[in-house]
Amino acid sequence: MTDWQTIYRPCRVIENREIARGSRWIKLHAEDQHPLPYEPGHVLSLRMTQGGWQMRHAYTITWANADERTFNIIYRVIPHGRMTPRLAMLEAGAPLEFSGVHHNPIRHEVNAGAQAVVGIATGTGVGPLYGYFRYVLERGLESRPCSLFIGFRQEADLGPRSELDALAARFANFRWTPTLTQPTPSWPGLRGRVTESVPGLIEKPRETHFHLVGNGLMIVEMEAALARIGVPGDFVSDEYYFNWNAEATQEAAAAIAGRFVA
Ligand SMILES: Cc1cc2nc3c(=O)[nH]c(=O)nc-3n(C[C@H](O)[C@H](O)[C@H](O)COP(=O)(O)OP(=O)(O)OC[C@H]3O[C@@H](n4cnc5c(N)ncnc54)[C@H](O)[C@@H]3O)c2cc1C
C-alpha cells in the first residue's frame, strides 16, 4: 500500500492571483486519489521542477475543500528568492507536487478554556489565521470574541482584504485589524508593528488564547511579553515562517509587556 503521507503527489494550479503587492493566493487541485485531510494550519511541502532544477518549501494551508480536492495557500513573493518568483509565474494548469500533512490545524491548538481568541500575523501569516477563523465561524464552532491583527509595511501590502471584510460582515464576533509600519499620513488605522500597536487593545490578555504566525522575531518577542504578564503557556500557540533563530531581548519583552492594559 502507498504511504501517501511521505510521497510527492501531483497537483495542478487552478488559480494563482495577486492579493496585495508581493502576496499571492494559489489554489491547487490534487490530481491523485489519496486523502486530502487538510485544514487551516496544516503544513505541506510544495515542490517545483523546471527542467533540471528542483526546489521545495513548506507552506501552510489557508483553506482546503476535500470534496473539490482543492487546497489554497497564501504566499509572499520574496524578491530575489529562489522559488517564489518562479511560483508566481505559474498559470492555471501548471503542474506541481505536494507532500505530507504536517503540523496541527490551528483549531486543535486554540485552548477551549480561554474567553477570547486573538490571532496575530505578520504578512502572509494571515493565510492560515483567516482560514481558521472562517472554518470555526462557518461551522458554528466558535462563539467567543475572535480578533485578527496583521502587520504589514504599507497599505498596498494589505490583503486578502475582500475575504477578511466578508468574514467580518457575516460574523459579529469576528473583527480584523491591520497595522502598518510605513503608513501614509492619511492612513486612519493602527500604526507600528503588531508588538507596538496591538497589546494595548487586548482587554483580558490572561484569559485570551493567542495564535501567532509569521516572522520569528515577532513570535519570540510577543511570547516573551505574554509570559511576563502571566498569560498561561497553553494559551499561546505559534507557527514560524522564517527568522527561526531570533531571540527576544529583555528590553524588548519588557517594553511590549508594558503596553498591555494593566
Ligand atoms: C512551517 C512553515 C510554513 C510556512 N508557510 C508559509 C506560507 O504559508 N506562506 C509563505 O509565504 N511562506 C511560508 N513559509 C516560508 C516558505 O517555506 C519559504 O521559506 C519562502 O516561500 C521562501 O521562498 P524562496 O525560495 O522564494 O526564498 P529563499 O531564497 O528560500 O529565501 C529568502 C529569504 O526570505 C525570507 N522569507 C521566507 N519566508 C518569508 C515570508 N513569508 N515573508 C517574508 N520573508 C520571508 C527568509 O528570511 C529567507 O531567508 C513557511 C515556512 C515554514 C517553515
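Our subject is the structure listed above.
Residues numbered from 1 in each chain as written. Predicted model: local features only at pLDDT ≥ 70, side-chain atom pairs only at ≥ 80, totals over all residues.

Looking at the overall build of the protein
The secondary structure content of the protein amounts to seven helices and 13 strands. Taken over the C-alpha trace, the protein has a radius of gyration of 18 Å; the compact-globule value for 262 residues is 18 Å, and the two agree within 12%. Judged by the C-alpha coordinates and their principal axes, the protein covers about 55 × 40 × 35 Å. Burial analysis of the protein (262 residues in total) assigns 40% to the buried set. (Helix = DSSP H or I, 4+ residues; strand = E, 2+ residues; numbered from the N terminus. Rg over C-alpha atoms; globule rule 2.2 N^0.38 Å. Buried ≥ 20, exposed ≤ 12 C-beta atoms within 10 Å, placed from the backbone.)

Here's the deal with the sheet that holds strand 8 (residues 116–122)
Reading across from one edge, 11-10-9-8-12-13 is the order of the six strands in this open sheet, with parallel pairing throughout. Of all the strands in the sheet, the pair left with one neighbour each is strand 11 (190–191) and strand 13 (236–242). Here strand 8 runs beside strand 9 (residues 146–152); their pairing, made up of six bridges, is parallel. In the sheet register, Val118 faces strand 9, and the bridge partner there is Ser147. (Pairing = 2+ DSSP bridges.)

Considerations on the sheet that holds strand 5 (residues 63–65)
Reading across from one edge, 4-3-7-1-2-6-5 is the order of the seven strands in this open sheet, with antiparallel pairing throughout. With one partner strand each, in any of the chains shown, strand 4 (53–60) and strand 5 form the two edges of the open sheet. Averaged over neighbouring strand pairs, the angle between their axes works out to 30 degrees when direction is ignored. Bridge count for strand 1 (residues 9–20) against strand 7 (residues 95–102) is four bridges, and the pairing is antiparallel. Among the inter-strand pairings, Arg12 is bridged to a residue of strand 7, identified as Pro95. (Axes fitted to C-alpha atoms, helices over the stretch in contact; angles between N-to-C directions.)

A word on the packing of helix 3 (residues 126–138) against helix 4 (residues 161–170)
Relative to each other, helix 3 and helix 4 sit at 30 degrees, their axes nearing to 11 Å. Taken together, the axes of helix 3 and helix 4 are roughly parallel relative to one another. Where helix 3 crosses over helix 4, the handedness of that crossing is left-handed. For the pair helix 3 and helix 4, the contacting residues are Tyr130, Phe133, Arg134 and Leu137 in the first and Glu163, Leu164 and Leu167 in the second. (Parallel < 35°, antiparallel > 145°, perpendicular 65-115°, else oblique. Left-handed = near helix turned anticlockwise from the far one by under 90°. Contact = placed C-beta atoms within 7 Å.)

Thoughts on the environment of Glu247
Relative to the helices and strands, Glu247 is located in the loop between strand 13 and helix 7 (250–259). Distance in space between the C-alpha atoms of Glu247 and Val220 is 6.2 Å, their sequence separation being 27 residues.

Brief notes about the packing of helix 6 (residues 216–228) against helix 7
Where helix 6 contacts helix 7, the axes come no closer than 8 Å and their chain directions differ by 60 degrees. The angle between the axes of helix 6 and helix 7 places the two elements in the oblique class. In this structure, helix 6 meets helix 7 at a crossing whose hand is right-handed. Across from Glu221, Met222, Ala224, Ala225 and Arg228 in helix 6, the residues of helix 7 making contact are Ala252, Ala253, Ala254, Ile256 and Ala257. Of the residues contributing to the contact of helix 6 with helix 7, the split by class is eight nonpolar, no polar and two charged. (Nonpolar A, V, L, I, M, F, W, Y, C, P; charged D, E, K, R; others polar.)

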